[in-house]
Amino acid sequence: MTTSSPLTVLVAGATGSVGRLVVAESIAHGHTTRALVRDAAKARRVLPAEAELVVADVTDPGSLKAAVTDADAVVLTLGSDGGAHSSPENVDYGGVRNILSALADRAPRIVLMTAIGITSRSTGYGHLLDWKRRSERLVRASGLPYTIVRPGWFDMNGPDEHRPLFLQGDTRRTGTPADGVIARQQIAQVLVQALTAPQAVGRTFELVAENGEALEDLDALFAALTPDAPGALDGTGDEENMPLDREPAHVRADLDALRDRTGTP
Ligand SMILES: NC(=O)c1ccc[n+]([C@@H]2O[C@H](COP(=O)([O-])OP(=O)(O)OC[C@H]3O[C@@H](n4cnc5c(N)ncnc54)[C@H](OP(=O)(O)O)[C@@H]3O)[C@@H](O)[C@H]2O)c1
C-alpha cells in the first residue's frame with residue numbers, strides 16, 4: 001500500500017452512508033479529516049469524535065471558503081435528496097462545481113465518487129446520471145490531480161463477493177444490480193487509498209466486487225488502469241454520447257470558467 005505523510009482531507013457528503021465510512025477510513029489512515037456537514041448535531045451522532053466539522057451547504061458558494069482552507073485533498077460523495085433545493089443539478093453537479101470554484105488557486109487531490117452506468121442516457125436514472133457525468137467533466141477540466149470512482153450497487157454483495165474489480169469504459173449499463181455490486185466499506189477503502197496512490201491520478205474507473213477475498217493493498221489495481229486522455233471530458237473508453245455542443249449553455253460556461261482559471265486546454 002502506498003504510504004505518505006498525513007494529509008488534511010475534506011469530505012463532502014460526510015454524513016452520508018458512504019461519506020461517514022470515508023471519514024472513519026481517512027482518520028484510520030492518520031489523515032486530519034474535516035467533514036463538510038449541513039447539520040452539526042447529526043454529524044456528531046454519526047461521525048467519529050476525531051472528525052473536524054465545518055458547517056456548510058454546497059449549494060451556497062459563500063459557505064465553502066472555510067471548508068476548503070488548507071485542504072490537501074477533497075473526497076466528494078455527495079448525493080441529492082430530491083428536496084426543493086436538492087436536485088441532482090444543484091447538489092450532485094452544482095456542489096462539485098462550487099467546491100472546485102472555492103478552491104481558487106489551491107490544487108488539492110480530488111477524489112470524486114459517481115456511479116456505474118453513468119454514461120447511460122437511457123435508464124430510469126438518466127437525469128441524475130447526466131448531472132453526475134457533468135460533475136466528472138468539471139473535475140477533469142479543472143486541471144487538478146483527480147481520481148473518479150464509479151461504484152456499483154451498494155452492499156448487495158453475495159457472501160463470497162469481496163474481491164475488488166476495477167473496470168473502465170462504463171460498459172455495464174442495465175441500471176440494475178446485474179451491473180455490479182460493492183460494499184460501502186470497500187468503496188471507502190478505495191476512495192481513501194486513491195488519495196495517496198500516485199498511479200490513481202488521472203484515472204476513471206467503475207468499482208465492483210467479484211468472487212474472492214478482499215485486498216488490503218490496491219496499488220496494483222490502480223497501476224493497471226488506463227489514464228484518461230489529456231484534455232478529454234469523459235473517462236477513457238466512455239461512449240461519446242454527450243456532445244458538448246448539445247449541452248446546456250450554463251454547463252459549457254462552467255467548464256470554460258474552470259479551464260480559464262487553471263489554464264487547462
Ligand atoms: N445506492 C447505490 O447502490 C448507489 C450506487 C452508486 C452510486 N450511488 C450514488 O452515491 C451517492 C451517495 O450515496 P450515499 O448513500 O452516501 O448518499 P446519502 O446517504 O444520501 O448521502 C448524501 C450526502 O450528501 C450530503 N448533502 C446533500 N446535499 C447537500 C448540500 N446541499 N450540502 C452539503 N451536503 C449535502 C448529505 O448531507 P445530509 O446528511 O445533511 O443530508 C449526505 O452527507 C448518491 O448520489 C447515489 O446516487 C448510489
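Overview of the structure. Remember, it's a predicted structure, so these values are computed and weren't measured experimentally. (Residues numbered from 1 in each chain as written. Predicted model: local features only at pLDDT ≥ 70, side-chain atom pairs only at ≥ 80, totals over all residues. Heavy atoms only, no water.)

### Re the packing of aromatic side chains
Enumeration according to the criterion identifies 4 aromatic pairs in this entry. Summarising the aromatic geometry, the rings of Y93 and W131 are spaced 5.1 Å apart at their centres and angled 55° between planes, so their arrangement reads as tilted. Separated by 38 residues along the polypeptide, Y93 in helix α4 (residues 88-102) and W131 in helix α5 (residues 126-141) bring together distant segments of the chain. When sorted by exposure, Y93 lands in the same class as W131, which is buried. Ring centres 6.1 Å apart and planes at 75° place the aromatic pair F205 and F222 in the edge-to-face group. Placement of the pair is F205 in strand β10 (residues 203-210) and F222 in helix α7 (residues 219-223), with a sequence separation of 17 residues. Judged by relative accessible area, F205 falls into the buried class, the value being 0%. Of the aromatic side chains, those joined through ring pairs into one cluster are F166, F205 and F222. Positioned over the ring face of W131 is R134, at 4.3 Å from the centre of the ring. (Phe/Tyr/Trp six-rings, centres within 6.5 Å; stacked < 30°, edge-to-face > 60°. Helix = DSSP H or I, 4+ residues; strand = E, 2+ residues; numbered from the N terminus. Buried < 20%, exposed > 50% of the residue type's maximum accessible area, 1.4 Å probe, protein only. Lys NZ or Arg CZ within 6 Å of the ring centre and 35° of its normal.)

### Describing the pairing of strand β2 (residues 32-37)
For β2, the tally of buried residues reaches 5 of 6 residues, placing the bulk of the element in the interior. Chirality of the crossover, the property in question, places the unit of strand β1 (residues 8-12), helix α1 (residues 19-28) and β2 among those that are right-handed. Pairing geometry for β2 and strand β3 (residues 52-55), over 4 bridges, is parallel. Residue pairing for β3: V37 is matched across the bridge by V55. As for the winding sense of the linkage, the β-α-β connection from β2 through helix α2 (residues 40-46) to β3 is right-handed. (Right-handed = clockwise from strand over helix to strand, strands pointing away. Pairing = 2+ DSSP bridges.)

### Quick notes on the sheet that holds β2
Here 8 strands make up an open sheet; going across it, the order is β3-β2-β1-β4-β5-β6-β10-β8 and the pairing mixed. Looking at which strands have only one partner, the edges of the open sheet turn out to be β3 and β8 (163-167). Looking at each pair of strands side by side, their axes are set apart by 25° on average, direction ignored. Sheet strands in contact with α4 are β1, β2, β4 (73-76) and β5 (109-113), and its direction is about 175° off that of β4. (Axes fitted to C-alpha atoms, helices over the stretch in contact; angles between N-to-C directions. Contact = heavy atoms within 4.5 Å.)

### Description of the nonpolar core
Ranked by size, the top nonpolar core spans 35 residues in total, and within it L191 and F222 carry the most contacts. Of all the secondary-structure elements, those providing two or more residues to this core are β1, α1, β2, β4, β5, α6 (184-194) and β10. In terms of residue count, α6 provides more of this core than any other element does, 6 residues in total. F222 has contacts with F166, V190, Q193, A194, A197, Q199, A200, R203 and F205, leaving out every residue within four places of it along the chain. Membership of the second largest hydrophobic core comes to 32 residues, among which are A12, L64, V68 and I148. (Core = buried A, V, L, I, M, F, W, Y, C linked by side-chain atoms within 4.5 Å.)

### Comments concerning empty space enclosed by the protein
This structure, assessed with the given rule, holds 1 cavity of 30 Å³ or more. Every element with two or more residues in the lining of the largest cavity is listed here: α4, β5 and α5. Grouping the amino acids of the lining of the largest cavity by side-chain chemistry returns 5 nonpolar, 2 polar and 2 charged. (1 Å grid on protein atoms, 1.4 Å probe; cavity = no way out; pocket = protein on both sides within 12 Å on 5 of 7 lines; lining within 4 Å. Points joined across faces, edges and corners; volume = space filled by probe spheres on them. Nonpolar A, V, L, I, M, F, W, Y, C, P; charged D, E, K, R; others polar.)

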